[in-house]
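Observations on the model geometry
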Amino acid sequence: MDAILLAGGLGTRLHKVTGDCYPKSLAEVDGRPFIHYVVKYLASMGVDRFIFAVSHHAQMIIDSINKEFPDLDALFSIEEQPLGTGGAIKQAVDLALSEQVLVVNSDSFMEFSLDEFVTFSEKKQASLSIVCTQVNDVSRFGAADISESAELVKFFEKGRQGSGYINSGIYLINRKHPKLASLTGKFSFENELLSNDDVAVYAMKNKGLFFDIGTPDDFEGAQKLVTNHSHLFLKD
């Protein structure tokens, strides 16, 4: 299966750590660039072809991946001009070979089963599926409204209280998704595909370790999480 790793963000919230001298996905957690953990975790679940969607500091990511994983089947979708999340994904999808393509963020980690996600998507005959993870406090996220049939209804605005499910940033998209095929240029994946009324989106509920490194506080917390859950973060 092909996987797209989104690694083109500016990472402005993490500039206190990176100094904008390197992309946030190369920020080191427990002595290793974070994106390396993501690659190894996906490979351990059977992903055998990687497409890196890169833009800001693109060459640094390309060099890091090629050096660390010289035998990896890797391609790089370089965003020459701003395409938004949707445009970046569409450009990368055009390089995919598998019918279903996994899409993940390179600056976050979600413990999940790829086999279960694929099975879920196939049973729903979904053109687009999303992993929604359960958290104790949804206030800093946009909580997901999921129907009894597992269809994603909408995302609520940030600020709701209590436990619930949120977008983990992990998607399974059909390479020939009709809505994706109709869009061009710069567009938002969240607005145009996750929030559209034309093509249903299905949400698989998940429980597991979830965190990102988007802010200095999150980055600091990630150091402990990786150490405390070392069985998930392969180094060899």
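Throughout what follows, the structure given in this document is the object of discussion. These figures come from a predicted structure and were not determined experimentally. (Residues numbered from 1 in each chain as written. Predicted model: local features only at pLDDT ≥ 70, side-chain atom pairs only at ≥ 80, totals over all residues. Heavy atoms only, no water.)

A few points about the packing of aromatic side chains
Filter applied, for reference: Stacked, tilted and edge-to-face are the three classes assigned to paired rings of Phe, Tyr and Trp, where Trp is represented by its six-membered ring and a pair needs centres within 6.5 Å; plane angles under 30 degrees give stacked, over 60 edge-to-face, the rest tilted. Working definition: with a 1.4 Å probe on protein chains only, accessible area under 20% of the residue-type maximum means buried, over 50% means exposed, and in between means partly exposed. Secondary structure elements are defined from DSSP: runs of H or I of at least 4 residues count as helices, runs of E of at least 2 residues count as strands, and each element is numbered from the N terminus.
Throughout the structure, instances matching the rule amount to 12 aromatic pairs. On the basis of an interplanar angle of 20° and a centroid distance of 6.2 Å, the ring pair of Phe50 and Phe52 is categorised as stacked. Grouping residues by exposure puts Phe50 and Phe52 together as buried. Ring centres of Phe52 and Phe76 lie 5.3 Å apart, and the angle between their planes is 20°; this geometry places the pair in the stacked category. In this pair, Phe52 is assigned in strand β4 (residues 49-54) and Phe76 in strand β5 (residues 74-78), connecting sequence segments 24 residues apart. Members of the aromatic cluster, joined through ring pairs, are Phe34, Tyr37, Tyr41, Phe109, Phe112, Phe117, Phe211 and Phe233.

Here's the deal with unusual backbone geometry
Phi at His57 is positive, roughly 55°, even though this residue is not glycine. With respect to the secondary-structure elements, His57 resides in the loop between β4 and α3 (58-68). Residue classification places His57 among the partly exposed positions, given a relative accessible area of 23%. One non-glycine residue, Ala150, lies in the positive phi region at around 75°. Within the element layout of this structure, Ala150 appears in the loop between β9 (144-146) and β10 (152-155). Given a relative accessible area of 12%, Ala150 falls into the buried group.

Focus on the pairing of β5
Defined as follows: When DSSP finds two or more bridges between two strands, those strands count as paired. When the strands point away from the viewer and the connection leading from the first strand across the helix to the second strand turns clockwise, the crossover is called right-handed.
Strand direction decides the pairing type here: β4 and β5, joined by 5 bridges, are parallel. What sits directly across from Ala53, in β5, is Ser77. With respect to chirality, the unit in which β4 leads through α3 into the neighbouring parallel β5 is right-handed.

A closer look at the pattern of salt bridges
Note the following rule: The term salt bridge refers to a pairing of a side-chain nitrogen on Lys or Arg with a carboxyl oxygen on Asp or Glu at a separation within 4 Å.
The tally for this structure, following the rule as stated, stands at 5 salt bridges. With a shortest N-O distance of 2.8 Å, Arg32 and Glu68 are connected by a salt bridge. Here Arg32, found in strand β3 (residues 32-33), pairs with Glu68, found in helix α3; they are 36 residues apart in sequence, far enough to count as distant. Residue class for Arg32 comes out buried when judged on its relative accessible area of 10%. The exposure class assigned to Glu68 is partly exposed, which follows from its relative accessible area of 35%.

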